[in-house]
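The lines below spell out each chain.
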Amino acid sequence: MKEIGGYLELDEFIDNEYYKDLIRLNTGRNALIYIIKAKKIKKLYIPYYLCNSISNVLVEYRIDFEYYNIDKKFNPLLNKTIDKDEYVYIVNYFGQLSNTRIQYFKEQYKNIIVDNTQAFFQKPIDGIDTIYSCRKFFGVPDGAYLSTDKFLAEKLEIDISKDRVKHILGRYEGRASDYYNYFQENDKNLKNEPLKYMSMLTRNILKAIDYTKVRDIRKKNYFYLDEKLKRINKLKVLEPDVPFAYPLYLENGMEIKKELIEEKIYIPTLWANVLDNVKPESIEYKYILNILPIPCDQRCGENEMEYIVNKIIGRVKNV
């Protein structure tokens, strides 16, 4: 018998989950593990331009892998015949790969896994394994969705997230800088978390989000940034379904990024580990150093976008 009475816990929120029919897991990394196990994958082709958590997973599970390069439009440069137990891992960078393009890759390579970590709202295509990470778009401590046609027979535990929310609750009532260490600690710990189902806490939070509002704000902010910055952006971007961030390519990107951080405009450096694996003249090297993922998420509005634009334009003029 469950406990009855006493103090109240978190209420059960309205059932507004965006992906109700997908497999709910605890991390995007573990979503990949799920697919590898379920489909008995022996080898994976992965892009150089990617977080090393993926290659670490493959090493840990003794899965053979091979790197490939991308072109300027984030398309894979891979001229290979893929065997039945091999897959191509395709990352939808900044939501720049449309489902039409992804379908083309499916026809070309047959076996593909799509990483929609930066394209949460882009719906999966039937027959194509697709991974979504919740932390990149929403204030949750963990959580991932997986679209696949192969279910794992292995029995999984349900994850527990109650000890991972300090940085989220802290930033809600305080300053991000005061809780950044807790964010980093959580990020580090998740890399060692075994494959589990999504926690009840994370799922409950995801059920309460106004996804229509999130979509509208992100799209509006992205449009504003593109209108103001496209003349200096050396990357010709397509408007994604719902943006993760606005990818601004500037030749002196790292220098400007440091100056923006001093103004409390926090710009991440995505996948700096790649710099050790590619040549300085490569697309990947240049993208890591020069693409600034400008925030355009649902916490911001036109005032914040205008502030960001003014700071960027001012620094570009001074270079």
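Residues numbered from 1 in each chain as written. Predicted model: local features only at pLDDT ≥ 70, side-chain atom pairs only at ≥ 80, totals over all residues. Heavy atoms only, no water.

Chemist: I would appreciate a short explanation of the overall build of the chain in the present structure.
Modeler: Summing up its helical and strand segments, the chain has 10 helices and 10 strands in all. Over its C-alpha trace the chain gives a radius of gyration of 20 Å, about what one expects of a compact globule, namely 20 Å for 319 residues. With respect to the three principal axes, the spread of C-alpha positions in the chain is 65 × 55 × 30 Å. Expressed as a percentage of its 319 residues, the buried residues of the chain come to 50%. In the chain, 65% of the contacts between residues at least 6 apart in sequence involve partners at least 24 apart. Entry remark: accessible area of the chain is about 17,400 Å², with carbon and sulfur atoms responsible for 49%. (Helix = DSSP H or I, 4+ residues; strand = E, 2+ residues; numbered from the N terminus. Rg over C-alpha atoms; globule rule 2.2 N^0.38 Å. Buried < 20%, exposed > 50% of the residue type's maximum accessible area, 1.4 Å probe, protein only. Contact = heavy atoms within 4.5 Å. Areas by Shrake-Rupley, 256 points an atom, 1.4 Å probe, with all protein chains shown as cover.)

Chemist: Looking at this structure, I do not really get the packing of helix α1 (residues 28–39) against helix α2 (residues 52–60). What am I missing?
Modeler: When two helices pack together, you describe them by how their axes are tilted relative to each other and by the distance separating the axes. Contact pair α1 / α2: the axes reach a minimum separation of 10 Å and the direction vectors enclose 40°. Classified by the interaxial angle, the pair formed by α1 and α2 is oblique. Here the hand of the crossing between α1 and α2 comes out right-handed. On α2, the residues that touch Arg29, Leu32, Ile33 and Ile36 of α1 are Ser53, Ile54, Val57, Leu58 and Glu60. (Axes fitted to C-alpha atoms, helices over the stretch in contact; angles between N-to-C directions. Parallel < 35°, antiparallel > 145°, perpendicular 65-115°, else oblique. Left-handed = near helix turned anticlockwise from the far one by under 90°.)

Chemist: Please explain α1 as it appears in this structure.
Modeler: Since there are 3.6 residues in each turn of an α-helix, residues three or four apart along the chain are aligned in direction. Between its first and last C-alpha, α1 extends 17 Å over 12 residues, near the 16 Å set by a 1.5 Å rise per residue. Counting buried residues in α1 gives 10 out of 12 residues, a clear majority hidden from the surface. Positive backbone phi, at 55°, marks Lys40, one or two positions downstream of α1. (Expected span 1.5 Å × (residues − 1).)

Chemist: Looking at this model, I keep getting lost on the sheet that holds strand β4 (residues 76–77). Mind explaining?
Modeler: Overall, mixed pairing links the eight strands, which are arranged β1-β8-β7-β6-β5-β2-β3-β4 in an open sheet. Each edge of the sheet is formed by a strand with only one pairing partner; in this case those strands are β1 (23–25) and β4. In this fold α1 packs onto β1, β2 (43–47), β5 (86–91), β6 (112–115), β7 (129–133) and β8 (144–147), with an angle of close to 160° to the strand it touches most, β7. (Pairing = 2+ DSSP bridges.)

Chemist: Looking at this structure, I do not really get the nonpolar core. What am I missing?
Modeler: Proteins that are soluble and globular tend to have nonpolar side chains buried together. Counting 94 residues, the largest nonpolar core has Tyr49, Tyr89 and Phe120 as its most contacted members. Apart from residues no more than four positions distant in its own chain, Phe120 is found in contact with Tyr18, Tyr19, Tyr132, Ser133, Cys134, Phe137, Phe138, Tyr145 and Tyr211. (Core = buried A, V, L, I, M, F, W, Y, C linked by side-chain atoms within 4.5 Å.)

Chemist: How should I be thinking about the pattern of salt bridges in this particular structure?
Modeler: Opposite charge on two side chains permits pairing when their charged atoms draw close. By the definition in use, this model includes 24 salt bridges. Lys207 is paired through a salt bridge with Glu12; the nearest N and O atoms lie 2.5 Å apart. Residue Lys207 is found in helix α6 (residues 200–207), and its partner Glu12 is found in the segment before β1; the two are separated by 195 residues along the sequence. The network of salt bridges with common partners includes Asp142, Asp159, Arg164, Glu193 and Lys196. (Salt bridge = Lys/Arg side-chain N within 4 Å of Asp/Glu carboxyl O.)

Chemist: Where do I start with the pairing of β2 in this structure?
Modeler: Where a strand is regular, its side chains alternate between the two sheet faces. Within β2, five of the five residues are buried, which leaves it mostly tucked inside the rest of the structure. The side-chain alternation of β2 yields two buried faces, one formed by Lys43, Tyr45 and Pro47 and the other by Leu44 and Ile46. As defined by bridge partners, β2 adjoins β5 across three bridges and the pair is classed as parallel. If you follow Leu44 over to β5, its bridge partner there is Tyr87.

Chemist: Which parts of the structure should I look at to understand unusual backbone geometry?
Modeler: Leave glycine aside and you will find that most residues have negative phi; peptide bonds, for their part, are mostly trans. One non-glycine residue, Lys40, lies in the positive phi region at around 55°. Assignment of secondary structure puts Lys40 in the loop between α1 and β2. When its relative accessible area of 59% is taken as the criterion, Lys40 is described as exposed. At Lys264, a residue that is not glycine, the phi angle is positive and equals roughly 65°.

Chemist: Looking at this model, I keep getting lost on the side chain of Asn116. Mind explaining?
Modeler: Within the secondary structure, Asn116 sits in the loop between β6 and β7. Given a relative accessible area of 1%, Asn116 falls into the buried group. A distance of 3.0 Å separates a polar atom in the side chain of Asn116 from a polar atom in the side chain of Asn92. Among the polar contacts listed, one links the side chain of Asn116 to the side chain of Tyr132, at a separation of 3.5 Å. (Polar contact = N/O pair within 3.5 Å; in protein donor to acceptor, adjacent residues only side chain to side chain.)

Chemist: I keep staring at the packing of aromatic side chains and nothing clicks. Help me out?
Modeler: The geometry of two aromatic rings is summed up by the distance between their centres and the angle between their planes. One pass over the structure, following the stated rule, counts 34 aromatic pairs. Arranged with centres 5.8 Å apart and planes meeting at 40°, the rings of Tyr18 and Phe120 form a pair that is tilted. Taken together, the residues span a long stretch of sequence, with Tyr18 in the segment before β1 and Phe120 in the loop between β6 and β7 at a distance of 102 residues. You can call Phe120 buried: its relative accessible area is 0%. Seen from their ring centres, Phe74 and Phe94 are 6.2 Å apart, and the 55° between their planes marks the pair as tilted. Linking Phe74 in the loop between β3 (64–70) and β4 with Phe94 in the loop between β5 and α3 (99–109), this pair joins segments that are 20 residues apart in sequence. By relative accessible area, Phe74 is classed as buried at 3%. (Phe/Tyr/Trp six-rings, centres within 6.5 Å; stacked < 30°, edge-to-face > 60°.)

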